[in-house]
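Structure assessment
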Amino acid sequence: MNVLQVSAEIFPLLKTGGLADVAGALPAALNAAGCEVRVLLPGFAPILADLQTGEVLAELTAPWGERVVLRQGVLASLGVRAYVIDAPHLYLRAGTPYEDARGQPYPDNHLRFALLGWVAAKLACGLDPHWQPAVAHSHDWHAALTSAYLAFGPSRGRRVAGVYTVHNLAYQGVFAPIHFFDLGLPTHAFSVNGLEFHGQLSFMKAGLYYADHITTVSPTYAREILTAEQGCGLDGLLRARAHELSGILNAVDESVWNPATDSAIPHSFDAQKTAGKARCKAALQQELGLAPEPDAPLFGVVSRLTEQKGLHLVLAVLEALIARGGQLVVLGTGESALEAAFKARVFSYPQAVAVRIGYDEAFAHRIFAATDVTLVPSRFEPCGLTQMYGLKYGSLPLVHRVGGLADTVVDCALEHLADGTANGFVFDDFTPEALDRAMRRAVALYERKSEWHGVRQRAMQQPLGWDKAAAQYVALYRRLLA
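Let us look at the structure shown here. Here the residue numbers are simple positions, counted from 1 along each chain's written sequence. With the structure being a predicted model, the display of local features is reserved for residues of pLDDT at least 70 and the display and counting of side-chain atom pairs for 80 or more, all residues being used for whole-chain, interface and lining totals. Side-chain metrics in this entry use all non-hydrogen atoms of the structure; hydrogen atoms and water are not considered.

**Here's the deal with the overall build of the protein**
Basically, it comes down to this: Starting at the N terminus, helices and strands are each numbered in turn, a helix being any DSSP run of H or I of at least four residues and a strand any DSSP run of E of at least two. For the radius of gyration, the atoms used are the C-alpha atoms, and the globule rule reads 2.2 Å times the number of residues raised to 0.38. Each residue's exposure class comes from its accessible area (1.4 Å probe, protein chains only) as a fraction of the maximum for that residue type: buried when under 20%, exposed when over 50%, partly exposed otherwise. Contacts were defined at the residue level, with two residues in contact if any of their heavy atoms lie within 4.5 Å. Residue-level accessible areas treat just the shown protein chains as cover; the underlying method is Shrake-Rupley with a 1.4 Å probe.
Secondary structure summary: the protein contains 18 helices and 18 strands in total. Its C-alpha radius of gyration of 23 Å places the protein within 12% of the 23 Å reference for a compact globule of 482 residues. In terms of principal-axis extent, the alpha carbons of the protein reach across some 65 × 45 × 45 Å. Burial status across the protein gives 59% buried among its 482 residues. Counting contacts in the protein only where the partners sit at least 6 residues apart, residues at least 24 apart contribute 71% of the total. Of the accessible surface of the protein, which amounts to about 18,500 Å², a share of 53% is contributed by carbon and sulfur atoms.

Pasting the structure below:
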């Protein structure tokens, strides 16, 4: 079964969040399950640099008149065959894939990512004479127009099955309606039954409306987005398509996230031999200037610093955690007020709090390897990979019971400790008080070393690889093709 995966990012070449981790791991998992996967990506500099051969497949004229080149080859870092859109005027820019150096969205983002969907539809309809996909699987708003271009293409969307995965419904790719006329879609596509969203143009809605099937990244989140509270204004459309919506839980690339083989951490360890974890903790405390206390419960945050991630709750309870002997290390970037608030805590508690603004992949690995608890108190969380990385590295997750966090973390309540299913700490109310109670329970269990080590060992031994998710995707593809 030939599958074309369409995304804007892919790990390890280009990453701004969990989308890249999924896009990087899923092709290999699907290939192992019997598919032949090729990826389509925008020609950002790291992606073009990694593309071996890079021969020209076609020169194309976009619907708005720009000439672009489509290259094909193999991504050396992943060993996967790829199509890359070589359009320097669109993709070779300073800043992130979506924003300029000042943090402002590029004014032509609608063209930069409409092109991704348009080229995907061209490939689905036979642009490469030597390889024809049976499935076009697009990810998030950046690739959402794939389904719309397929629906109005020469094959009327019937030559391939279109699957669209929502990684976070809150990021929708909404643009001014005037930009619709650049896209080359028929006029009637800009309607309630199409791309129109409260008078604006929504890429996300295009994916939700025109795909043959919608998936999202955890079963609980698939149910949550049917509600007004978490549907982000699209819950009505999602309820209408509920029979074509499913949640497939993300997983961990265990070739990357494995403390026994991870070259990014100073000492290796596994579930049976955990002495290396204690040495990782001591090394991180020394590196960051934290008090060198092996028995201090060390909490970690690796996250975007935004309100959605619940980090204002962490600030509200931080003094209480420190009073109980806890320490906190934070890695992330985001809202300036949150960045400043965390840096101020470092000034107040230099031996108990360490903060690094920005993102550093290797440093993130060291945090998971060193910490005792991984904090993920998100207001909503489609899946979350952070808590899974914590499980793999014996840093027990402390999470708000939403989305994929609810699907992966079992609270250390007495009944779960008794039956061996406990692997972390869960709170229900999105309040500082509820988070503080969960933190108190975590510190209390940490002080009971034998029980703590038993929970940590079972957490590290959980199967979190991509085999199960890949099998579910393959079953979905087959059902659509049948």
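**A word on the pairing of strand S16 (residues 373-376)**
Note the following rule: Whether two strands pair comes down to DSSP finding at least two bridges between them. Handedness of a crossover is defined as follows: with both strands directed away from the viewer, a clockwise route from the first strand across the helix to the second makes it right-handed.
Neither face of S16 is exposed, since Val-373 and Leu-375 on one face and Thr-374 and Val-376 on the opposite face are all buried. Where strand S13 (residues 298-302) meets S16, two bridges bridge the pair, whose relative direction is parallel. Among the inter-strand pairings, Gly-300 is bridged to a residue of S16, identified as Thr-374. Sheet analysis places S16 next to strand S17 (residues 396-400), joined by four bridges and oriented parallel. Across the sheet, residue Leu-375 finds its bridge partner in S17, namely Leu-398. Between the parallel elements S16 and S17, the chain passes through helix H13 (residues 386-392) in a crossover that is right-handed.

**Looking at the environment of Glu-361**
Residue position: Glu-361 is located in helix H12 (residues 361-370). Linking Glu-361 and Lys-15, residues 346 residues apart in sequence, is a C-alpha distance of 9.5 Å. Setting aside residues up to four positions removed in sequence, Glu-361 forms contacts with Phe-11, Lys-15 and Trp-257.

**Quick notes on helix H10 (residues 311-323)**
The criterion, for reference: Under the convention used throughout, the expected extent of a helix is 1.5 Å for every residue step, that is, one less than its residue count. For a residue, the bend is simply the angle between two axes, fitted respectively to the seven-residue segment ending there and the seven-residue segment starting there.
With 13 residues, H10 extends 19 Å between its outermost C-alpha atoms, agreeing within 8% with the 18 Å of an ideal straight helix rising 1.5 Å per residue. Maximal helix bending in H10 amounts to about 50°, located at Val-317. Three or more residues of H10 are buried, namely Leu-311, Leu-313, Val-314, Leu-315, Val-317, Leu-318, Leu-321 and Ile-322.

**Quick word on the sheet that holds strand S4 (residues 67-75)**
One key point about sheets: their strands pair by backbone hydrogen bonds, in either a parallel or an antiparallel sense. For the record, the criterion: All axes are obtained by fitting lines to C-alpha atoms, using only the stretch in contact for helices, and the reported angles, taken between N-to-C directions, cover 0 to 180 degrees.
Reading across from one edge, S3-S4-S5-S2-S1-S6-S7-S11-S12 is the order of the nine strands in this open sheet, with mixed pairing throughout. Of all the strands in the sheet, the pair left with one neighbour each is strand S3 (51-61) and strand S12 (245-247). Pairwise comparison of adjacent strand axes, ignoring direction, gives a mean angle of 25° for this sheet. Along the sheet, helix H4 (residues 109-124) makes contact with strand S1 (2-6), strand S2 (36-42), S3, S4 and strand S5 (80-86), crossing S2 at roughly 145°. Contacts from helix H18 (residues 467-481) reach S1, strand S6 (135-139), strand S7 (161-166) and strand S11 (213-216) within the one sheet, and its direction differs from that of S7 by about 140°.

**A word on the pairing of S5**
Most of S5 is tucked away, with six of its seven residues classed as buried. Examined bridge by bridge, S2 and S5 share five bridges and lie parallel to one another. Paired with Leu-41 across the strands is Val-84, a residue of S5. Pairing of S4 with S5 involves seven bridges; the strand directions are antiparallel. Bridging across to S5, Gly-73 finds its partner in Ala-82. Here S4 folds back onto S5 in antiparallel fashion, the turn holding four residues, of which Gly-79 has a positive phi close to 65°.

**With respect to the state of the cysteines**
What we call a disulfide is simply a covalent bond connecting the sulfur atoms of a pair of cysteines. This is how the line gets drawn: Only a pair of cysteine sulfur atoms within 2.5 Å qualifies as a disulfide here.
Overall, the coordinates contain zero disulfides when judged by the stated rule. Between Cys-412, a free cysteine, and Cys-383, which holds the nearest cysteine sulfur, the sulfur-to-sulfur gap is 20 Å. Overall, the relative accessible area of 11% leaves Cys-412 in the buried class.

**What to know about the packing of H10 against helix H16 (residues 432-446)**
Inclusion rule: Any angle between 65 and 115 degrees counts as roughly perpendicular, while under 35 counts as roughly parallel, over 145 as roughly antiparallel, and the rest as oblique. Helix crossings are classified by the rotation of the near helix relative to the far one: an anticlockwise turn of less than a right angle makes the crossing left-handed, while a clockwise turn makes it right-handed. When residue character is reported, Ala, Val, Leu, Ile, Met, Phe, Trp, Tyr, Cys and Pro are called nonpolar, Asp, Glu, Lys and Arg charged, and the others, Gly included, polar.
At a minimum axis separation of 9 Å, H10 and H16 run at an interaxial angle of 45°. As far as their axial angle goes, H16 and H10 are oblique. The two elements H10 and H16 meet at a crossing, and its hand is right-handed. Side by side, H10 and H16 meet where Leu-313, Val-314, Ala-316, Val-317, Ala-320 and Leu-321 of the first sit next to Pro-432, Leu-435, Asp-436, Met-439 and Val-443 of the second. Grouping the constituent residues of the contact of H10 with H16 by class yields 10 nonpolar, no polar and one charged.

**Points about helix H1 (residues 18-32)**
Taking 1.5 Å per residue as the helical rise, H1 with its 15 residues ought to reach 21 Å, and the 22 Å between its terminal C-alpha atoms agrees with that figure. Leu-26 marks where H1 bends most, by close to 30°; the proline Pro-27 follows one to four residues later. With 11 of 15 residues buried, H1 lies mostly within the body of the structure. Check the buried side of H1 and you find it contacts S1, S2, S5, S6, H13 and H18. Phi turns positive one or two residues past the end of H1, at Gly-34, with a value near 110°.

Remember that the coordinates give geometry; whether it matters functionally is a separate question.
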